[in-house]
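Coordinate analysis (summary)
Below are the chains, spelled out letter by letter.
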Amino acid sequence: VPEVVFLNTSGGLTSGDTLSYRLDLAPGVRAVATTQAAERAYRADEGAARVRVAHRVGAGGWLDWLPQETILFDRANLHRETRIDLAEGAGCLLLEAVVLGRAAMGETVRDLHFYDNRQVFRGEKPVFLEPLVLNSNILATGPRGALLGDARAFATLALIAPGAEDAVGVARGALGVPGVEAAASGYDGKCVVRMLAADGWPLRRQILRLMEALRRGAVPPRVWQL
C-alpha cells in the first residue's frame, strides 16, 4: 500500500499561516497518508493559523489518515477543519492526537485557542462529526480543565466502514499501555477509541499498538516507527 507523507517546510504554524492538505483516491485505491513530523502551533497573537484537510476516497477504496501529533504551545491560535468524503463501500481510519506543550522542556500551556472540527461524510450524509474547542477558560477549570483532568495529551482514533463496530473487541484488546486512560466504543459502522495521557510519549505508544491491531498487523507508516 503506498504511503503519502505531507511536509510542512516552515517548521510550525503561527498567525497568518495557512496549510491545505488534499488527497483524492480513485475507486478501489488503498493508501496511507501521514505527516513527516509532529505539527507545531506556536504563539499567535495576530489571528489564527488555519489548516484545511480535504480527502476523497472513491468507491471501494480505503484511506488511513494518520497524521502525527499536533503540539500546541502557550498562546497558540489554531483553526483546523478536516473532512473525509467516502464513496459507496469506501472506508477510512482517522487519527488526531494533540499534546499541550513539551513535558520534557517544562512547558505549561495556560492560554490558547484551538478549534478542531473533524467530519466524515458518505455521499452527502454525515457519518462522523467531532467538533472541539479548547481555550483558556477550559484550561483554567481545575488542574487541566473540565475536559482533560490532569492530562496534557489526548487523541481520537476512528475506524469508519461498514461493519466497523465489530472491531471494538480488537480495539479494547489493544488498550492498556501504562499512563494512558482509554476507552473504545462501536456503533453504526464506527469503532471509536479515545485516549488521555499525562505526556505525549505513552500516548504515542498506545496509538502505535492500536494501529497494529486495527490495521491487522500492518507496519505503521515509516515516519511513525520508533
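Residues numbered from 1 in each chain as written. Predicted model: local features only at pLDDT ≥ 70, side-chain atom pairs only at ≥ 80, totals over all residues. Heavy atoms only, no water.

**Quick look at the environment of Arg75**
Its place among the elements puts Arg75 in the loop between strand 7 (70-72) and strand 8 (77-86). Given the relative accessible area of 34%, Arg75 is considered partly exposed. Sequence-wise, Arg75 and Gly169 are 94 residues apart; in three dimensions their C-alpha atoms are separated by 39 Å. Contacts of Arg75, omitting those with residues within four sequence positions, involve Tyr42, Arg43, Ala44, Asp45, Asp111 and Leu112. (Helix = DSSP H or I, 4+ residues; strand = E, 2+ residues; numbered from the N terminus. Buried < 20%, exposed > 50% of the residue type's maximum accessible area, 1.4 Å probe, protein only. Contact = heavy atoms within 4.5 Å.)

**A look at unusual backbone geometry**
Although it is not a glycine, Asp188 sits at a positive phi angle of roughly 45°. With respect to the helices and strands, Asp188 occurs in the loop between strand 13 (180-187) and strand 14 (190-197). A relative accessible area of 64% places Asp188 in the exposed class. Positive phi, close to 55°, is recorded for Arg216, a residue that is not glycine. The topology assignment puts Arg216 in the segment after helix 3 (200-214).

**Description of the pairing of strand 2 (residues 18-25)**
By the alternation rule, side chains of strand 2 split into Leu19, Tyr21, Leu23 and Leu25, which are all buried, and Thr18, Ser20, Arg22 and Asp24, of which none is buried. As judged from the eight bridges shared by strand 2 and strand 5 (residues 49-57), these two strands associate in the parallel manner. Bridge pairing in strand 5 places Arg22 opposite Ala54. (Pairing = 2+ DSSP bridges.)

**Some words on the pattern of salt bridges**
Summed over the entire model, instances satisfying the criterion amount to twelve salt bridges. Put simply, Asp116 and Arg80 hold a salt bridge, and the shortest N to O gap is 2.9 Å. Here Arg80 lies in strand 8 and Asp116 lies in strand 10 (residues 113-122), a separation of 36 residues in the sequence. Summarising the burial analysis for this pair, Asp116 and Arg80 share the class buried. A salt bridge links Asp85 to Arg83, with the shortest nitrogen-to-oxygen separation between them at 2.9 Å. When salt bridges with common partners are traced through the structure, they connect Arg80, Glu96, Asp116, Arg118, Glu130 and Arg194 into a single cluster. (Salt bridge = Lys/Arg side-chain N within 4 Å of Asp/Glu carboxyl O.)

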